[in-house]
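Listed below are the residues making up each chain.
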Amino acid sequence: MSNPSILILPGDGIGPEVMAQVTRIIDWFGDKRDLKFDVETDLVGGAAYDKHGVPLSDETMARAMEVDAVLLGAVGGPKYDNLDFSVKPERGLLRLRKEMDLFSNLRPAQCFDALADFSSLKKDIVSGLDIMIVRELTSGVYFGEPRGIHKEGNERVGVNTQRYTESEIARVARSAFELARKRSNKVCSMEKANVMESGILWRDVVQEIHDAEYPDVELSHMYADNGAMQLVRAPKQFDVIVTDNLFGDVLSDCAAMLTGSLGMLPSASLGLPNAEGRPKALYEPVHGSAPDITGQGKANPIACILSFAMALRYSFDEGEEATRLEKAVEKVLADGVRTADLMGPDGGTPVSTTEMGDVILAALDASL
Ligand code: IPM
Ligand code: MG
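Residues numbered from 1 in each chain as written. Chains lettered and ligands numbered in written order. Predicted model: local features only at pLDDT ≥ 70, side-chain atom pairs only at ≥ 80, totals over all residues. Heavy atoms only, no water.

Pairing within the open sheet is mixed, and its 10 strands lie in the order β2-β1-β3-β12-β11-β4-β5-β10-β8-β9. Sheet topology places β2 (38–41) and β9 (218–223) at the edges, where each strand pairs with a single neighbour. Each strand axis lies, on average, 20 degrees off the axis of its neighbour in the sheet, ignoring direction. As paired strands, strand β4 (residues 104–110) and strand β11 (residues 266–273) are joined by 3 bridges and run antiparallel to one another. Bridging across to β11, Leu106 finds its partner in Ala268. Sitting on the sheet, helix α4 (residues 89–99) is in contact with β1 (5–11), β3 (69–74), β4, β5 (130–136) and β12 (279–285), with an inclination near 155 degrees to β12. Contacts from helix α8 (residues 224–233) reach β5, β8 (186–191), β9 and β10 (240–243) within the one sheet, and its direction differs from that of β9 by about 105 degrees. (Pairing = 2+ DSSP bridges. Helix = DSSP H or I, 4+ residues; strand = E, 2+ residues; numbered from the N terminus. Axes fitted to C-alpha atoms, helices over the stretch in contact; angles between N-to-C directions. Contact = heavy atoms within 4.5 Å.)

This part takes up the pattern of salt bridges. The tally for this structure, following the rule as stated, stands at 23 salt bridges. The closest approach of N and O atoms between Arg171 and Asp101, which form a salt bridge, is 2.9 Å. Of this pair, Arg171 sits in helix α6 (residues 166–181) while Asp101 is found in the loop between α4 and β4, placing the two residues 70 residues apart along the sequence. Judged by relative accessible area, Arg171 falls into the buried class, the value being 19%. Close ionic contact of Arg181 with Asp216 constitutes a salt bridge, the shortest N to O distance being 2.8 Å. With Arg181 in helix α6 and Asp216 in the loop between α7 (197–213) and β9, this pair connects stretches of sequence that are 35 residues apart. Here Arg181 falls in the partly exposed class, since its relative accessible area comes to 38%. (Salt bridge = Lys/Arg side-chain N within 4 Å of Asp/Glu carboxyl O. Buried < 20%, exposed > 50% of the residue type's maximum accessible area, 1.4 Å probe, protein only.)

What follows covers the domain arrangement of the protein chain. With domains assigned, the protein chain is organised as domain 1 (1–111 + 262–368) and domain 2 (130–258). Domain 1 and domain 2 are separated by 24 Å when their C-alpha centres are compared. In this assembly, 21 residues from domain 1 lie in contact with 23 residues from domain 2. With both sides pooled, the region where domain 1 packs onto domain 2 buries about 2,000 Å², and carbon together with sulfur makes up 58% of that total. Run the count over domain 1 and domain 2 and you get 1 salt bridge. For the interface between domain 1 and domain 2, the tally reads 8 residue pairs in polar contact (both at pLDDT 80 or more). Within the residue set of the side of domain 1 that touches domain 2, elements represented by two or more residues are α4 and β4. Looking at the side of domain 1 that touches domain 2, the element that brings in the most residues is β4, giving 7 residues. Here the side of domain 1 that touches domain 2 is composed, by residue class, of 12 nonpolar, 4 polar and 5 charged. (Domains from an automatic or database assignment. Buried area = accessible area lost by both parts, 1.4 Å probe. Polar contact = N/O pair within 3.5 Å; in protein donor to acceptor, adjacent residues only side chain to side chain. Nonpolar A, V, L, I, M, F, W, Y, C, P; charged D, E, K, R; others polar.)

This is the structure in structure tokens:
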């Protein structure tokens, strides 16, 4: 049998820098754990635009459909700000999500003990925090038609459409309930059923799926604005949050900051399982391309490394090895190793991106 395949798309900005550390980690698992992957690397975002004039070539899209998992760094940067909307770097990422049908986006927000002081919230509010945001990723206002900017009389009108079908809501709800069963068995669904019909349908369908298939899971509903408030007031009340594409985008950035730094948060975007039970999957850090620190060796590679840990768990059924990697990260943080984004008020000397990779590899060695 051939090795499982991974397509690496480092992308733009700090993407290539953080991905270089992930490549070292992948090699470590091959050498030390006999977990070998066939890895290929390609372009996405601005990097793909520079070479092909599009943010994702058809060839790369085709490879993404074939491999067992895609790892993506980040897309975008000021250089591409004035490009036509249709070829903006972000369109490459959105095409991957849509064509791979990655409807379930898992964004864990976990506060490492060693970092509880780094959150902008008080330590006792965030320490021990472990929540999972499940964001619908292939529909809603990101993709709804009609969309565009047109002329009405002598002014321009911008239009986007929030649209959800029952089956789109049902499948992401199922994925949230399944996850909850492996965690603390609680789901909170967030929408704006007080003002949006799509929110009313969302609430109904989530409740129906719950009653018919997951009555053992504790379900609550919350308006998304209240949800944002509750996330910063008392985030530990949540276990799994399920929400739509746009609310999920906003709420997950908010949840990310609870953990101290956007540089810590991984994500997994999953589709339906294939015949072997393996879902189409793309893994990426929640942080963006961070043009302000690109090329300076300052970027924190942990979010990208933890995204690979999610790949081990959700694509390759290697939960124990995923835990090994997560524990190695926890260990270096507990030892006080910090990249620049994790410098507290008391200062200290930050390590570089590569040095963070070095210490995580050393912690992996020590785990054997
Ligand atoms: C995210 C990002 C993307 C989104 C952008 C880069 C298109 O903010 O993954 O959260 O809006 O979904
Ligand atoms: Mg976002």
